[in-house]
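Letter by letter, the chains look like this.
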Amino acid sequence: QVQLVESGGGLVQPGGSLSLSCAASGIIFSRFTMGWYRQAPGKQRELVATITSGGGTNYADSVKGRFTISRDNAKNTVYLQMNSLKPEDTAVYYCNAARIVVAYWGQGTQVTVSS
């Protein structure tokens, strides 16, 4: 059974930082492209960042220079370091594992940026 379990969400003031983690089980983690997506109320789910099995990264323009995705294959975990957070970063953040035609999703973790 595949499980992606996110943690690290919460409430933070504008300009602050949060670090999200996603622990995977039930997959050969090192072979998957891992990603973070987010969905704000009333909006579609959107890509935040991805990291390939080889370590290549891709970011949405809105988070470039502020967010950093990384992975630890020994721990089957992907991370998202979020700095200089803005109110518009408020959303549910979802972890994604993808390989060829297969994709798995976590249950999501809420990130709220507000003063």
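The numbering scheme is per chain: residues are counted from 1 as the chain's sequence reads. Side-chain atom pairs in this predicted model are given and counted only at pLDDT of 80 or more, local residue features only at pLDDT of at least 70, and totals for whole chains, interfaces and linings cover all residues. Values reported for side chains reflect all heavy atoms of the structure, with hydrogen atoms and water molecules removed beforehand.

(A) Spatial organisation of the environment of Trp 36. The secondary structure listing takes helices from DSSP runs of H or I that are at least 4 residues long and strands from runs of E that are at least 2 residues long, numbered from the N terminus. Mapped onto the elements of the fold, Trp 36 is located in strand β4 (residues 33–39). Accessible area is worked out with a 1.4 Å probe on protein chains only. A residue is then buried under 20% of its type maximum, exposed over 50%, and partly exposed in between. For Trp 36, a relative accessible area of 0% corresponds to the buried category. Measuring from C-alpha to C-alpha, the distance between Trp 36 and Leu 80 comes to 7.6 Å, with 44 residues separating the pair along the chain. Of note is the side chain of Trp 36, whose polar atom sits 3.4 Å from the backbone oxygen of Tyr 79. Polar contacts here mean pairs of N or O atoms no more than 3.5 Å apart (in protein, one a potential hydrogen donor and the other a potential acceptor; neighbouring residues in sequence count only if both atoms are side-chain atoms).

(B) Region of interest: the pattern of salt bridges. Note on definitions: salt bridges are taken to be side-chain nitrogens of Lys or Arg within 4 Å of carboxyl oxygens of Asp or Glu. Under the defined criterion, the tally for this structure stands at four salt bridges. Glu 46 is the partner of Arg 38 in a salt bridge, and the nearest nitrogen-oxygen pair spans 2.7 Å. The network of salt bridges with common partners includes Arg 38, Glu 46, Arg 66 and Asp 89.

(C) Region of the structure containing the sheet that holds strand β1 (residues 3–7). Note on pairing: DSSP must find at least two bridges between two strands before they are called paired. Strand order across the open sheet formed by four strands is β1-β3-β8-β7, with antiparallel pairing between neighbours. Either end of the sheet is taken by a strand with one partner, and the two such strands are β1 and β7 (67–72). Taking the axes of each pair of neighbouring strands and ignoring which way they run, one obtains an average angle of 15° across the sheet. Bridge count for β1 against strand β3 (residues 18–25) is five bridges, and the pairing is antiparallel. Bridge pairing in β3 places Val 5 opposite Ala 23. To get an axis, a line is fitted to the C-alpha atoms, and for a helix only the part in contact is used. The angle between two axes follows their N-to-C directions and goes from 0 to 180 degrees.

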